[in-house]
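Chain residues, written in single-letter form:
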Amino acid sequence: MHFFSKKREKPVAAAATAQIARAAPLPLGGCVPLRRGDTQLYRAIREAVPLVDACICKIIRLCGGVTAACDDPEAERALRQFLEQVNVGRGQRGINAFLDQYLDSMLVCGQAVGEIVPTADGRDIAAVLCGDVGRIEIREGDSPLDFALCARDSGGRVRELPRQELLLFTPYQPETGSPYGVSMLRSMPFLAEILVKIFQAVGKNWERTGNVRFAVTCGGGDAAAAQERCAQVAREWSAAMQAGRDGAVRDFVCAGDVGIRTIGADNQILDSSVPIRQILEQLVSKTGLPPFMLGLSWSSTERMSTQQADLLTTEMTAIRRSLTPVVERICRVWLRLHGYGCGVRTVWDDINLQDLLEEAKAGWYREQTRKLALENDAAERRAGASRSGRAAGEAPPPGEGS
């Protein structure tokens, strides 16, 4: 008997490590600030170009609403009630209001940051808030699996936020050189600057055309009286123009060789429709929205519109894939706080961009196909029964023919 034999130690599972580590150490203590100068530029583009702002708002609305489903009916009912009534700050309630702010930050800034705020006793979720990415910095470790969200304190020092499990972070379309996401407006500054310059020039041209300037020239007469004559013409012309501004009609009468012409009347205003359309085509193509949804009738064929609607559905599904982990994480935290151990899955609203008349026609065609299939099956069964009956009647009785 081995009473004093040494017990065999259980093997300890090794921690997950990444073979591809960061190539070079980062400055500022390994922190990556999310406030970049281009964020303010993107917000300025959104304010200056109404088309860009309309695209962002339409993408947010097209993503639709979301709810949750569980295996436990009681947990599902309570969870859905929580998602409809959860406080998201600034007078808003509901998980969909939170996702609207969250997705807006993703599209414009390239990242979105949120926080799950528990109650004082830690037994429920008091609110789900969307934060400002400009106040957040990311501290990276030795591998991509090791990173933490940080913020600066009152002294300007970077401090790691204490409850990392309650923080939400989602990058938008991360790349190798930008692992923490890029803005949807990243390639728009150059084109937006040209577009704003065109509209500013058009505005100046119309201001000059609407507020006409005149050139009055006097000729003839001796040189000695030319200055006095010009001053007299200038006084009379100014009086006539002032009377016109006051709503009165006054004639301008003069003697001699006097010429009046409009300044800039000989110049031709450039046609800006072609360059504006080319720039808008580039901006709209970046958003993935069909032009007809923004009131731009560039292609009038119904087939093209249907294909664009199908592509838009794919774009919205891709954005939903980025938001689904955030919703599932919030739901799991709520379920665990209330003692439910069941799983959860997100249920998004259907994306419907097709015409109701076309959907009705498609349903009618499906029902006709189903009716014909049932009639064919019934006819085949009757034909099979009649053939089997005839075969039974033609068969010789037992014992005959032997």
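In this text the structure is predicted, and so the values were computed from the model without any measurement. (Residues numbered from 1 in each chain as written. Predicted model: local features only at pLDDT ≥ 70, side-chain atom pairs only at ≥ 80, totals over all residues. Heavy atoms only, no water.)

Here the focus is the confidence of the model for the protein. Chain-level pLDDT for the protein is 81 on average; 80% of the residues reach the 70-or-more range. Below pLDDT 50 for its whole length, residues 1-6 participates in zero contacts with residues either more than four positions away or in separate chains. (pLDDT = per-residue confidence, 0-100. Contact = heavy atoms within 4.5 Å.)

Here the focus is the nonpolar core. Judged by nonpolar contacts, the single largest core of 75 residues is most densely connected at Leu79, Phe98, Tyr102, Ile330 and Leu335. Beyond its immediate stretch of four places on either side in the chain, Tyr102 contacts Ala112, Val113, Gly114, Cys130, Leu168, Phe169, Thr170, Leu323 and Val326. (Core = buried A, V, L, I, M, F, W, Y, C linked by side-chain atoms within 4.5 Å. Buried < 20%, exposed > 50% of the residue type's maximum accessible area, 1.4 Å probe, protein only.)

The subject of this paragraph is the packing of helix H3 (residues 50-62) against helix H5 (residues 95-109). Think of two packed helices as two axes; the pair is described by the angle between the axes and how far apart they sit. Their axes nearest at 10 Å, the elements H3 and H5 cross at an angle of 135°. The orientation of H3 relative to H5 falls into the category oblique. Crossing of H3 over H5 shows right-handed handedness. Here H3 contributes Ile56, Ile59 and Ile60 to the contact with H5, which in turn contributes Asp100, Leu103, Asp104, Leu107 and Val108. Residue composition of the contact of H3 with H5, by class: six nonpolar, no polar and two charged. (Axes fitted to C-alpha atoms, helices over the stretch in contact; angles between N-to-C directions. Helix = DSSP H or I, 4+ residues; strand = E, 2+ residues; numbered from the N terminus. Parallel < 35°, antiparallel > 145°, perpendicular 65-115°, else oblique. Left-handed = near helix turned anticlockwise from the far one by under 90°. Nonpolar A, V, L, I, M, F, W, Y, C, P; charged D, E, K, R; others polar.)

Throughout the structure, instances matching the rule amount to seven aromatic pairs. Between the aromatic rings of Phe82 and Trp334, the centroid separation amounts to 5.6 Å while the plane-to-plane angle is 20°, which identifies the pairing as stacked. In this pair, Phe82 sits in helix H4 (residues 73-85) while Trp334 sits in helix H9 (residues 302-337), placing the two residues 252 residues apart along the sequence. Seen in terms of ring centroids, Phe147 and Tyr180 are 6.2 Å apart; in terms of plane orientation they differ by 55°. Their pairing is tilted. Of this pair, Phe147 sits in strand S8 (residues 147-152) while Tyr180 sits in the loop between strand S10 (167-171) and helix H6 (189-210), and the two are 33 residues apart along the sequence. The buried category is assigned to Tyr180, whose relative accessible area is 13%. An aromatic cluster of three or more residues is present, and its members are Phe82, Trp334 and Tyr340. (Phe/Tyr/Trp six-rings, centres within 6.5 Å; stacked < 30°, edge-to-face > 60°.)

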